[in-house]
Amino acid sequence: MRICCIGAGYVGGPTMTMIAHKCSDIIVDVVDINADRIASWNSDNLPVFEPNLDGLVKEVRNKNLFFSTDVETAVERADIIFISVNTPTKKYGYGAGRASDLSYVEACARTIAKVSKTGKIVVEKSTMPVRTADVIKTILASTGMKFQVLSNPEFLAEGTAVQDLENPDRVLIGGDEETQEGRDAIDVLASIYERWVSPEKIIKTNLWSSELSKLTANAFLAQRISSINSISALCEATGADVDQVATAVGSDTRIGSKFLKSSIGYGGSCFQKDLLNLIYLCEHFNLPEVAKYWRGVVEINEYQKKRFSDKIVESLFRNICGKRIAIFGFSFKENTNDTRETPAIDICRNLLSENAVLAFYDPQVSAEQICADLQIEKTDSRVEFCKSPYEASENAHAIVLLTHWDEFTKLDYEKIKKAMMSPAWIFDGRNCLNHRLLLELGYLVHAVGKGNLS
């Protein structure tokens, strides 16, 4: 068997690496038109940072896992083709700001139709709006050959992608359950995952249920984050402690404790995009009340970021012009170099709009990526890129922690305070530091949802 994956990003690369690792008899080709990205996959400096991914890639690369820009050859030779390309929110025209841009998906379908000599199994791996499979099916049907289109959404959490792939909560496969050919195609894909995943964890549905399940899962997770973040504002106003509230609420088995950690807001490639697409679908199908409900989740996330950056400005005497502020972390979460929709973007833009001087340190995110996200030049006098958190905090009026990298919890904050301006502030956007110790050291501390600090 030969598998081709179109798209060598955060989903395609790790997923195909795991398949190649678990199925040594299957040849896996990962293709992308981005030559620099493919070159990185073939180097010692992978374009995706995930714990333990580098070792897995080295074990199977150029054995039964291959990275290439030759899309058409890989598609023509494959028995199964995964579509794992970007589906960003549209920035123009019909549905702008809400609907998913399916131009990359359509281009993949047209390439498959163009070069295929026989029918194949085509798998949606990217997050797709409901009924996207109809687009792919229509294009492939024009060839006169029999293709089977499946939906196999990913449920990876960045930072734990390898662990999630090796031991998933579930594998979801949607297809045409009404025909024998459709059921056979579902079983073929399931048989690959069954090499290492228990059959009880493999869920088989129709296409539309599978497509909608991915959007719904991300919407529910984002909803929980916005829910606890809304309570964090009330905690700060009343003197309550959001972590204590979350512990009490999460101990209820009907609710559970996961995704009840208050912070500066959710980020990443999926939550915002999928929520906006869900809102668009509700509006498209004339469900305005449902759309309004989910729009509230997005609005709370925006409010949380603005509330945090406003607190920084207010605490520094409503004047941060020219003041050096150390930025600890820029990726949207720990153990990843992904900055898509990271809350750090809006928070740092807000601080830059007040002409603060930001000194950045993130162990995995490059200065070039930070500048691209903030839409500034690297030579901008308001930014500095540091090699350590100690360098970033020197002569700083405040430390703003935006990513929960483990190394930030182990720093010598007594040493750091001596190098900072006085009074020295710490704004803990992830509630991961020892606030009692910081107060004893003489810091002024603000943490999300903590009503009685400093």
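Owing to the predicted nature of the structure, the values given are computational and were not obtained by experimental measurement. (Residues numbered from 1 in each chain as written. Predicted model: local features only at pLDDT ≥ 70, side-chain atom pairs only at ≥ 80, totals over all residues. Heavy atoms only, no water.)

**Points about the overall build of the protein chain**
Here comes step 1: A count of helical and extended segments in the protein chain gives 17 helices and 14 strands.
Here comes step 2: Rg of the C-alpha trace for the protein chain: 24 Å, near the compact-globule value of 22 Å for 454 residues, within the 12% margin.
Here comes step 3: Taken over the C-alpha atoms alone, the protein chain extends approximately 75 × 50 × 45 Å along its principal axes.
Here comes step 4: For the protein chain, the proportion of its 454 residues judged to be buried stands at 53%.
Here comes step 5: In the protein chain, once contacts between residues fewer than 6 apart in sequence are set aside, the share between residues at least 24 apart is 74%.
Here comes step 6: When the accessible surface of the protein chain is totalled, it reaches about 20,200 Å², and 50% of it is carbon and sulfur. (Helix = DSSP H or I, 4+ residues; strand = E, 2+ residues; numbered from the N terminus. Rg over C-alpha atoms; globule rule 2.2 N^0.38 Å. Buried < 20%, exposed > 50% of the residue type's maximum accessible area, 1.4 Å probe, protein only. Contact = heavy atoms within 4.5 Å. Areas by Shrake-Rupley, 256 points an atom, 1.4 Å probe, with all protein chains shown as cover.)

**What to know about the sheet that holds strand S12 (residues 398-401)**
Here comes step 1: An order of S11-S10-S9-S12-S13-S14 is seen for the 6 strands of this open sheet, with the pairing classed as parallel. The sheet is open, and its two edges are formed by strand S11 (383-385) and strand S14 (444-447), each paired on a single side. Sheet twist, expressed as the mean angle between neighbouring strand axes with direction ignored, is 20°.
Here comes step 2: Relative to S12, strand S9 (residues 324-328) is paired through 4 bridges, and the arrangement is parallel. Bridging from a neighbouring strand, Phe328 pairs with Leu401 of S12.
Here comes step 3: Here helix H13 (residues 343-353) sits on the sheet and contacts S9, strand S10 (357-361) and S11; the angle it forms with S10, its principal contact strand, is near 150°. (Pairing = 2+ DSSP bridges. Axes fitted to C-alpha atoms, helices over the stretch in contact; angles between N-to-C directions.)

**A few points about the nonpolar core**
Here comes step 1: Membership of the largest hydrophobic core comes to 39 residues, with the highest contact counts inside it found for Met16, Ile19, Phe82 and Ile173.
Here comes step 2: The leading source of residues in this core is helix H8 (residues 180-193), at 6 residues.
Here comes step 3: Of all hydrophobic cores here, the second largest spans 30 residues; its members include Ile312, Leu351, Ile370 and Ile376. (Core = buried A, V, L, I, M, F, W, Y, C linked by side-chain atoms within 4.5 Å.)

**Section: the environment of Glu194**
Here comes step 1: Here Glu194 shows up in the loop between H8 and strand S8 (202-206).
Here comes step 2: Each C-alpha atom, one on Glu194 and one on Val171, is 9.8 Å from the other, the two residues being 23 residues apart in sequence.
Here comes step 3: Aside from chain neighbours lying at most four places away, what touches Glu194 is Pro199 and Ile202.

**Describing the layout of surface pockets**
Here comes step 1: If you add up the space inside the second largest pocket, you get close to 240 Å³.
Here comes step 2: The wall of the second largest pocket is formed by 14 residues, among which Ala99, Ser100, Leu102, Pro129 and Tyr280 lie closest to the centre.
Here comes step 3: Contributions of two or more residues to the lining of the second largest pocket are made by helix H6 (132-141) and helix H11 (271-284).
Here comes step 4: Its residues assigned to classes, the lining of the second largest pocket comprises 8 nonpolar, 4 polar and 2 charged. (1 Å grid on protein atoms, 1.4 Å probe; cavity = no way out; pocket = protein on both sides within 12 Å on 5 of 7 lines; lining within 4 Å. Points joined across faces, edges and corners; volume = space filled by probe spheres on them. Nonpolar A, V, L, I, M, F, W, Y, C, P; charged D, E, K, R; others polar.)

**A closer look at the pairing of strand S13 (residues 425-428)**
Here comes step 1: Covered by surrounding structure in S13 are Trp425 and Phe427 together with Ile426 and Asp428, the residues of both alternating faces.
Here comes step 2: For S12 and S13, the ladder comprises 4 bridges, and the chain directions are parallel. From the neighbouring strand, Val400 faces S13, where its bridge partner is Phe427.
Here comes step 3: Handedness of the crossover is the feature at issue here: the chain leaves S12, passes through helix H16 (residues 413-419), returns alongside S13, and the resulting connection is right-handed. (Right-handed = clockwise from strand over helix to strand, strands pointing away.)

**Brief notes about the packing of helix H9 (residues 207-238) against helix H12 (residues 288-315)**
Here comes step 1: Axis separation between H9 and H12 bottoms out at 9 Å; the angle between their running directions is 50°. Taken together, the axes of H9 and H12 lie oblique to each other. H9 and H12 meet at a crossing whose hand is left-handed. Touching Ala219, Phe220, Ala222, Gln223, Ser226, Asn229, Ser230, Ser232, Ala233 and Glu236 of H9 are Tyr293, Trp294, Val297, Ile300, Asn301, Tyr303, Gln304 and Arg307, all from H12.
Here comes step 2: Residue classes in the contact of H9 with H12 are distributed as 9 nonpolar, 7 polar and 2 charged. (Parallel < 35°, antiparallel > 145°, perpendicular 65-115°, else oblique. Left-handed = near helix turned anticlockwise from the far one by under 90°.)

**Overview of unusual backbone geometry**
Here comes step 1: The residue after Ser422, namely Pro423, is reached through a cis peptide bond having omega 0°.
Here comes step 2: With respect to the element layout, Pro423 can be found in the loop between H16 and S13.
Here comes step 3: Even without glycine at this site, Asn62 takes up a positive phi of about 65°.
Here comes step 4: Judged by its relative accessible area of 55%, Asn62 is exposed.
Here comes step 5: The phi torsion at Asn355 lies on the positive side, around 65°, for a residue other than glycine.
Here comes step 6: When you line up the elements, Asn355 lands in the loop between H13 and S10.
Here comes step 7: Residue class for Asn355 comes out partly exposed when judged on its relative accessible area of 40%.

**Regarding H13**
Here comes step 1: The set of residues buried in H13 consists of Pro343, Ala344, Ile345, Ile347, Cys348, Leu351 and Leu352.
Here comes step 2: Elements in contact with the buried residues of H13: H12, S9, S10, helix H14 (367-374) and S11.
Here comes step 3: Residue Asn355 follows H13 closely and has a positive phi angle near 65°.

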